[in-house]
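Analysis of the macromolecular model
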Amino acid sequence: MIDRRALLRLAAGAGTASLVAACGWDGGNAVRPLLLDVSRFNDWVGEKIFFSKSRLAPQYDIAQRTVSVPSYFISPMMPVLPNPSAWRLQVGGLVREPQSLSIEQLQALPRTTYTVKHHCVEGWSAIVTWHGVPVSAVAERCGMLPQARYVRFDSFDSGYSNGWDLASAMHPQTILAYGMNDNPLPPTHGAPLRLYSPTKLGYKMTKYLVSLTFTAERPGGYWEDQGYPWFAGV
Amino acid sequence: MIASGLQIYGAYARFGERGGPYYAPNPFQDHGFPAWSRLGGWLAGALNWHFTLMWPLIVGGLLYLSYLVASGEWRSLLFRPRDIRGAIEMQKYYLRLRKDHPPQGKHNPLQKLAYSFIILMGVLSVITGFAIYKPTQLTWLTALFGGFQAARYWHFWAVWIFTGFLVVHVLLVFIVDPASLRAMISGWYRGRFPSHD
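What this report covers is the structure whose coordinates are included nearby. Because the structure is predicted, anything quoted here is derived from the model rather than measured.

**Some words on the overall build of chain A**
When helices and strands are tallied, chain A shows five helices and ten strands. Every one of the 234 residues in chain A was classed for burial, and the buried ones make up 35%.

Here it is, written out as C-alpha cells:
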C-alpha cells in the first residue's frame, strides 16, 4: 500500500521541480540575484583557492593541434580594420606612462609561444599554438601603479570587452597574441591582436583589441554583465 | 543539479576534441534534451544554477560521509571482500536456489554492495565535476579521468547511473515497503521489517 502523505509530498516536490524546469527558469527576480551572489562567491573561490600565479597550463605537441578551431565575434560581420596600419594598442589607466603601441613595437617585446588546450564555456576544447607578448611585460613597460587591481580589455568588435583580475592578467601565460599556429593572427580569430590565456574560458579572451586599461574598480564585460561567471578560470 | 546539467550539455552535445573522434557510447550525441528536463533557460542561467546547487551537494555529501565515519555506521554500509560469499548466498536466495533467508545484520551483503556503489557514484559525480570545472588548475585530476573531454564523459555517465539507481530504488520502495521512504527522510522506521529498525 502506498503511503498517501508521502506520495502527496513527492508529487508536490516533483511538480515544483518540473514547473521550474518547464519555464526554462533562470531564477526570475526572486532567485536570480541569489544565484549571481553565489557566482561572485565562486569568483572568489576560483581566484583565491584554485588559481595559482605560478602554476602553468600543460603544453602539447604541435602534432596534436586541432585542425579547425571555431571563431566567434558578436558583430553581424567579421570585424575588420579599415586602415590596419593606423592601428595602435592604447595602454592607460593606473599607469605612470600611458602608451600607444604598434604591432611592430609589441613584437619587439619579449615573445612567448605555447601550444595549449582551449576550453570553451560551451564544453568544447581545442589545441592551438599562440605567439605573443605577456601582459606583464606591457604592464612593466608602462609602469603599472600599485593601486591597479584589475585590467579592462576593449575591442573594436561592437563594444565587446572583458574585465580581468590583476593576478590572472599578470600570469606568465597571459599574453597579447599576434600569432596563431606559426602564422599572423587571422581576422577570424581577432586580428591584429587578441588576449589569450590557458587559465581562462574562451569568452574572457578579448579579440580585436584596441585598449588595455588598468583600474581600481572591477570592470564588467560583454558576457559577464549578462550573467556568465566573471572570473571564469579553468 | 541534473536539470541544469542537461541544459549545459546542449551547448556542445558530444564528448571529444573539436573534429572528433568522439567518446562512445553516447546515445545523446548531437541531441539536446527536451525543454521540460532542462533548467536555466540558457547556458549562463544553467551554469549559475549548477554552480550554486553544487554547494549544498558538496556540503551535504561531506556531512553525510563524516556522519558515517563518526558514528561507525559505515561498518553496516561498506561492502568489503568478506561480504562476497554472503552476497552470493543472498543472490541464490533471491533466485530461489536457496530456501532460507541468509542471516544478516542491518543490511544484507547485496544491499551493502548497492549502497557502497551509489555513494561511490555520488563521490565520482562531484570529483569529475571538479575535473571539468578547473581542468588547468587541477590538471592531475583531469588527467586521472583521461583528460578534459573524457572527464566530461564520465561526469555525464556517473550522473546517469546515479539517477538510474535513484529511480529504481524509489520504485522498489513503493512496491516493497513504502514506510521506508519516510525512514529515508526522517531517519526513523516504523514498518513491517523489524530488521530495519
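**Here's the deal with the overall build of chain B**
Looking only at helices and strands, one finds eight helices and zero strands in chain B. Walking chain B from its N terminus toward its C terminus, one meets helices and strands in the order α-α-α-α-α-α-α-α. If you line up chain B on its principal axes, its C-alpha atoms span 60 × 35 × 30 Å. Counted over contacts in chain B with a minimum sequence separation of 6, partners at least 24 positions apart contribute 50%.

**A short note on the sheet that holds strand E6 (residues 161–165) of chain A**
All names here are of chain A. Taken together, five strands build an open sheet; the order of strands is E2-E1-E10-E5-E6 and the sheet is mixed. With one partner strand each, in any of the chains shown, strand E2 (99–101) and E6 form the two edges of the open sheet. Along the sheet, successive strands turn relative to each other by an average axial angle of 15°, direction set aside. Relative to E6, strand E5 (residues 150–155) runs antiparallel, the two sharing five bridges. Across the sheet, residue Phe 153 finds its bridge partner in E6, namely Asn 162.

**With respect to the environment of Gly233(A)**
Within the secondary structure, Gly233(A) is located in the segment after strand E10 (209–215). Separated by 138 residues in sequence, Gly233(A) and Val95(A) have C-alpha atoms that sit 26 Å apart. If sequence neighbours within four positions are ignored, Gly233(A) has contacts with Gly46(A), Glu47(A), Phe50(A), Phe51(A), Ser168(A), Thr199(A), Lys200(A), Lys134(B) and Gln137(B).

**Topic: the packing of helix H1 (residues 2–9) of chain B against helix H2 (residues 43–71) of chain B**
Residue and element names in this part refer to chain B. Packing of H1 against H2 brings their axes to within 8 Å, and their N-to-C directions diverge by 145°. When you trace H1 past H2, the crossing you get is left-handed. Here Ser 4, Gly 5, Gln 7 and Ile 8 of H1 lie close against H2, whose contacting residues are Leu 43, Ala 46, Leu 47, Trp 49 and His 50. A per-class count over the contact of H1 with H2 returns five nonpolar, four polar and no charged.

**Regarding the pairing of strand E7 (residues 175–180) of chain A**
Residues and elements named next belong to chain A. For E7, a buried count of five out of six residues is recorded, marking the element as mostly surrounded by other parts of the structure. Here strand E4 (residues 125–134) runs beside E7; their pairing, made up of five bridges, is antiparallel. Following the sheet pairing, Gly 132 is matched in E7 by Ala 177. By the bridge criterion, three bridges tie E7 to strand E9 (residues 194–196) in an arrangement that is antiparallel. Following the sheet pairing, Leu 176 is matched in E9 by Leu 195. Note that E7 and strand E8 (residues 183–184) share two bridges and pair antiparallel. When the bridges of E8 are listed, Met 180 appears paired with Asn 183. Linking E7 back to E8 in an antiparallel pair, the connection comprises two residues, with Asn 181 at a positive phi of about 50°.

**A look at the pairing of strand E3 (residues 112–119) of chain A**
The sheet contact formed by E3(A) and E4(A) spans eight bridges and is antiparallel. Within E4(A), the residue paired with His118(A) across the bridge is Ala126(A).

**Here's the deal with the packing of H2(B) against helix H5 (residues 109–133) of chain B**
All names here are of chain B. Relative to each other, H2 and H5 sit at 135°, their axes nearing to 11 Å. Viewed along their axes, H2 and H5 adopt a mutual orientation that is oblique. Crossing handedness for the pair H2 and H5: left-handed. The segment H2 lies against H5, with Met 54, Leu 57, Ile 58 and Gly 61 engaging Gly 122, Val 126 and Gly 129.

**A few points about the interface of chain A and chain B**
Contacts between chain A and chain B engage 43 residues on the former and 35 residues on the latter. Mapped by element, the contributors of at least two residues to the side of chain A that touches chain B are helix H1 (4–22), helix H2 (28–50), E3 and E4 of chain A. No other element matches H2(A), which puts six residues into the side of chain A that touches chain B. In the side of chain A that touches chain B, the residues fall into 23 nonpolar, 15 polar and five charged.

**Quick word on the nonpolar core**
Core analysis: the biggest nonpolar cluster contains 30 residues, and Val138(A), Ile175(A), Leu176(A) and Ala177(A) have the highest contact counts within it. For this core, the secondary-structure elements that each account for two or more residues are E4, helix H4 (135–142), E5, E7, E9 and E10 of chain A. Looking at this core, the element that brings in the most residues is E7(A), giving five residues. Here Ile175(A) is in contact with Thr112(A), Trp130(A), Gly132(A), Val133(A), Pro134(A), Val135(A) and Tyr196(A), once residues within four sequence places are set aside. Within the second largest apolar cluster, 27 residues are counted, among which are Ala3(B), Phe51(B), Tyr153(B) and Phe156(B).

**Overview of H1(B)**
With seven of eight residues buried, H1(B) is to be regarded as a mostly interior element. Taken together, the buried positions of H1(B) are occupied by Ala3(B), Ser4(B), Gly5(B), Leu6(B), Gln7(B), Ile8(B) and Tyr9(B).

**Some remarks on unusual backbone geometry**
Note that the residue after Ala191(A), namely Pro192(A), is joined by a cis bond; omega there is 10°. Assignment of secondary structure puts Pro192(A) in the loop between E8 and E9. Cis geometry marks the peptide bond from Ala24(B) to Pro25(B); its omega dihedral reads 0°. Phi at Asp182(A) takes a positive value of approximately 70°, unusual for a residue other than glycine. Tracing the sequence through the fold places Asp182(A) in the loop between E7 and E8. Judged by the 10 C-beta atoms lying within 10 Å of it, Asp182(A) falls in the exposed class.

Conventions we followed
- Residues numbered from 1 in each chain as written.
- Chains lettered and ligands numbered in written order.
- Predicted model: local features only at pLDDT ≥ 70, side-chain atom pairs only at ≥ 80, totals over all residues.
- Helix = DSSP H or I, 4+ residues; strand = E, 2+ residues; numbered from the N terminus.
- Buried ≥ 20, exposed ≤ 12 C-beta atoms within 10 Å, placed from the backbone.
- Contact = placed C-beta atoms within 7 Å.
- Pairing = 2+ DSSP bridges.
- Axes fitted to C-alpha atoms, helices over the stretch in contact; angles between N-to-C directions.
- Left-handed = near helix turned anticlockwise from the far one by under 90°.
- Nonpolar A, V, L, I, M, F, W, Y, C, P; charged D, E, K, R; others polar.
- Parallel < 35°, antiparallel > 145°, perpendicular 65-115°, else oblique.
- Core = buried A, V, L, I, M, F, W, Y, C linked by C-beta atoms within 7 Å.

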